[in-house]
Structure formats: structure tokens, C-alpha cells
Amino acid sequence: MRRRLRALLTTTLGLAVVLSPLAITSPSAAAEPKHRVSSAPEVFFPLVGNGGVKDRKDYTPARGYTRITAPCGKSVRTSTPGVASVYERTVRGATRYVVRVRTGADSMWTGYSYLSRVAVADGQLVAAGQRLGRLGQVPGNPGCTLRYKVATGSKPTNASIWLDRYVGKAQPTARLFGSAGFTVASFNILGANHTANGGRKGYKSYESRLVRAFRLLDMRGVDVVGLQEYQVKQHDFALRRGYDEKWASYFYKKGKTRDTDNAILWRRDKFDLVEKHTFNVPYFRGTPRAKPAVLLREKATGRTAWFLNIHNPTSNKKQGNNDRWRAEALRIERQKVIDLRASGRPVLLLGDFNENTKAFCAMTAGKLMISPNSLPSTDCAMPRSFHSIDWIFGAGQVRFTSFAKDMYPFRAKINDHPIILARAHLQD
């Protein structure tokens, strides 16, 4: 079982390392990169649409790039996440732009020349697949040509072979912004009361499920997790098992009153707690519930970020119609992110929203946040074929290199939800 879980972790998260030019193999027999469908945060082909697009595959070490011909004005997008550097050039009397997207100092970067217009600013953080601008024509040249470059530090690699190997697959870098990052998760673990006295067919006791849930967190390499339905019985059982030696946690506590249902846990060897508080969000029938917010410092980099964990009310026969309160919860959560962003710190919002599209649109409106599998958008551009009420969102100086909706805990009857996983990287 453990071997299967390790294999699934590697496949699901798609963690990889930057490969040197010598390590890149010859093109595969799969569909051409321009025809492949990519979803953030996977590697994207640098031009949107394949009509009239042709990779000349004319890379040479002396040139350092490959030429991709395409209709003038075609949208150019970044293959990789990172920080955009924008350079203005005068080419035969015309103003053209070069954009480079760097994953970190002396790390992998991708280059895009020549653009007639740019859609990003110098120093802007970008997500894989994000639009950089429009392809421009160099005066005197027939048609338009994108000069596409992939390099590690000052060493270019064959960009055509690189595209063939990676488009539609996980980012080939384990580092972003000079950091290996951390794995963050949202995990509704199914409250103890749901399986009391055989209350849910096919599910074991909460003790058995909790042991397996924490084992799964270890197997998936999770560093920070928002737990929902983590009831007091489950928390106390975790303490008896000694899980608090590895995991620190925060939830609402006042006097003898504890509301552990929404808790944030983090690995003690990876993060230090800087600040903590709770904020109220309406739950069933508008009853306020305290949700945790923690400011954590990543030990490896010294960088800090806010983490929030929420569980919004569903509507059902037992609890009634809670649409009004769920909408109000989304409004409060969005405002909370805005308030915390005013500190200049990035914010990660985790939770069971009991909404799919409405939750995504509320949190990403005005480019406030992105999910690991989406692009910055003002028009609610939902991730392709993603149906879930469990989400991870990030705002500010955070980008993602991997994402997974892992159905293993649902299939294994650990709980009745997937675990949502992402590899997150903070920028200074």
C-alpha cells in the first residue's frame, strides 16, 4: 500500500527537477505541442491556438532560440510561472518587446520575442498560461515570428525539444522564486458524528479513519492543511496518538470552549507561528462560527503568509436552505482576504465552500485570487473540467507549480471528500 501511495504522490503532484540540456530526450511520438491541451499550472505552448502556427525547429546553440511562425497579433502566453521581465527594443524603427519569465535567480527561464504589445508589467508575478501580450511583426520581415527561448541561467536548451517533452505536463522545476516551496492541502475529514454507531455505510470509526488520514498527509508530503469537520473527539484522539509532536494546530478556543471543526495544522519543522486570530462566518441558519487565520513563517526562506480555513453551510433537508448565509459567508471571506492583503503579505484560503462556480467567481473577481489550476481573470474563467466544492486559493506573492484533486481518500473510505493539494511558493 505504501509503495502505491508513494507512486501516486509522484504522479499526482508531478514534482520534478530542472533538467539540463543534455538530459532532454528526443521528441516523442505524441501530438505536437501546439495541439495539446494544458491546464494551469502545467507547461503551456507559448501561442494561443494552433491555426497558422508552425514551430520551425531551427534551434542552434549559437542562436539559442527556436522560431515559431504565426499570424500577427496572436496572443503569446507564458509556458512557466515566475516573475516577468519586460524589455523594450527598437527593431528597424519599430518598438517591440521582449518578455522573460524567470523562475528564480540562475534558474530556468523562458523568453518571448518580439511582441507588439505587452499585457504584463516588469516585475509582475505570472502563472503558467497567463497572457503576456501580442505577437508583432519585425519591419522588413514577411509575417510574424516568435523567437522562443528556454534556458537555465546562461545556458540555453533546444526549445522545440523542451516543448515536446513538457507541454501539457507538470512544470519541470522543483524551485520557484528561489524556494522549493511547500505542499498545502484542504481536507474535509468527515466528522466523528457521521460514523458513530455505524452511521454511514462502508465507513469505519473515526479513530481508524483519522489514523489513515494523518498517514495520508505524511505520504502526500503535506506541510500545511486546513481540516474541516475535525471534531473535538478527533482532535483529542490525535493528541493521544502524539500527532501534536509533528503537527502544530490552531482553532477557536475560549476558556473551556473549543471549536476544532475548522483547524489549521502545520508541520513544526517547516513553519513557525507568527500571529493568530479567528473571524466569524455565518454557518447553518446564520449561526456565527469562528474560523482560524494564522500568519506562518516558512523556516527555509523566512517568508511569511496568511492561511485561512473555512467551511461554508450547505443546504439540505435537515439544515434547511442556507443559500443566503453561504453567499454572506463568501462576501465576508473575500473581504477578509482584502483586509489581510493590505499588510502586503500573501494569503492562502483553504476550505470546503459547498460551492463550485459561485465560490470561484467570488474569490477570483477583480483578480483578487487564483486557484492553483486557474489563471488571473476578471470574468470568472473557471478551470477546465474541475468540479469540486473544496478549494485552495492564493492572493498576492504566491504561485503554484503543481495541483491535484486526489480522490484516494474518498475511494478508500477515509472520508467523503477528495484531498485538494498544491505546491505553493512564496516570493519575498
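Note that residues are indexed from 1 along each chain, following the sequence as it is written. Residues qualify for local features only when their pLDDT is at least 70, as the model is predicted, and side-chain atom pairs are given and counted only at 80 or more; totals for whole chains, interfaces and linings, by contrast, use all residues. Computation of side-chain values: all heavy atoms of the structure, hydrogens and water removed.

Some points on the packing of helix H5 (residues 323-341) against helix H6 (residues 357-364)
Now for step 1: Relative to each other, H5 and H6 sit at 30°, their axes nearing to 9 Å. Classified by the angle between their axes, H5 and H6 sit roughly parallel to one another. Note that H5 runs across H6; the crossing there is right-handed. Facing Leu330, Glu333 and Arg334 of H5, the residues of H6 in contact are Lys358, Ala359, Ala362 and Met363. To define axes, lines are fitted to C-alpha atoms, for helices over the stretch in contact only, and angles between the resulting N-to-C directions are given on a 0 to 180 degree scale. Helix and strand labels come from DSSP, where a helix needs a run of H or I of at least four residues and a strand needs a run of E of at least two; each type is numbered from the N terminus. Comment on the angle field: the value is read as roughly parallel under 35 degrees, roughly antiparallel over 145, roughly perpendicular from 65 to 115, and oblique elsewhere. Rotating anticlockwise by less than a right angle from the far helix to the near helix defines a left-handed crossing, while the corresponding clockwise rotation defines a right-handed one. Note on contacts: a residue pair is in contact if any heavy atoms of the two residues lie within 4.5 Å.

Description of the state of the cysteines
Now for step 1: Any cysteine sulfur atom paired with another within 2.5 Å is treated as part of a disulfide. Under the criterion given, the structure shown has 2 disulfides.
Now for step 2: Shown here is the disulfide that connects Cys72 with Cys144, its sulfur atoms set 2.1 Å apart. Between Cys72 and Cys144, the S-S dihedral sits near 105°, and the bridge is therefore right-handed. Residue Cys72 is found in the loop between strand E2 (66-70) and strand E3 (75-77), and its partner Cys144 is found in strand E9 (residues 144-152); the two are separated by 72 residues along the sequence.
Now for step 3: Disulfide pairing is shown between Cys361 and Cys380; the S-S distance is 1.6 Å. Classification of the bridge connecting Cys361 and Cys380 rests on its S-S torsion, roughly -55°, and on that basis the disulfide is left-handed. Taken together, the positions of Cys361 in helix H6 and Cys380 in the loop between H6 and strand E19 (390-395) put the pair 19 residues apart, joining distant regions of the chain.

Observations regarding the side chain of Asn262
Now for step 1: Here Asn262 is to be found in strand E14 (residues 257-267).
Now for step 2: The contacts of Asn262, once residues within four sequence positions are left out, are Leu227, Gln228, Tyr250, Phe251, Lys291, Pro292, Asn309, Ile310 and His311.

Observations regarding the environment of His35
Now for step 1: By secondary structure assignment, the location of His35 is in the loop between helix H1 (2-13) and strand E1 (54-55).
Now for step 2: Working definition: with a 1.4 Å probe on protein chains only, accessible area under 20% of the residue-type maximum means buried, over 50% means exposed, and in between means partly exposed. Residue His35 is classed as partly exposed on the basis of its relative accessible area, which comes to 43%.
Now for step 3: Along the sequence, His35 and Val167 sit 132 residues apart, while their C-alpha atoms lie 9.6 Å from each other.

Overview of the side chain of Arg96
Now for step 1: Turning to its location among the elements, Arg96 is positioned in strand E5 (residues 94-102).
Now for step 2: Counting rule applied: Lys, Arg positive; Asp, Glu negative; His and chain ends not counted. One side-chain nitrogen of Lys or Arg within 4 Å of one carboxyl oxygen of Asp or Glu is enough to make a salt bridge. Of the side chains with opposite charge, Glu88 lies nearest to the buried Arg96, which makes no salt bridge, at 9.9 Å.
Now for step 3: A polar side-chain atom of Arg96 sits 2.7 Å from the main-chain carbonyl oxygen of Gln137.
Now for step 4: The contact partners of Arg96, leaving out residues within four places of it in the chain, are Tyr87, Glu88, Arg89, Val91, Tyr114, Leu115, Ser116, Gly136 and Gln137. Pairs of N or O atoms within 3.5 Å make up the polar contacts considered here, provided that, within protein, one atom can donate a hydrogen while the other can accept it, and that residues adjacent in sequence are counted only when both atoms are side-chain atoms.

Some words on the confidence of the model for the chain
Now for step 1: Taken as a whole, the chain shows an average pLDDT of 91; of its residues, 92% reach a score of 70 or greater.
Now for step 2: Predicted confidence for residues 1-29 stays below pLDDT 50, and this span has 56 contacts to residues more than four positions away or in other chains. pLDDT gives the predictor's per-residue confidence on a scale running from 0 to 100.

As for the pairing of strand E11 (residues 182-188)
Now for step 1: Within E11, 7 of the 7 residues are buried, which leaves the element mostly enclosed by the surrounding structure.
Now for step 2: The two faces of E11 match: Phe182, Val184, Ser186 and Asn188 on one face and Thr183, Ala185 and Phe187 on the other face are all buried.
Now for step 3: For two strands to be treated as a pair, DSSP must find at least two bridges joining them. Of the pairings in the sheet, the one linking E11 to strand E21 (residues 419-426) comprises 6 bridges and is antiparallel in character. Bridged to Thr183 within E21 is Arg423.
Now for step 4: As defined by bridge partners, E11 adjoins strand E12 (residues 224-228) across 5 bridges and the pair is classed as parallel. Bridged to Phe187 within E12 is Leu227.

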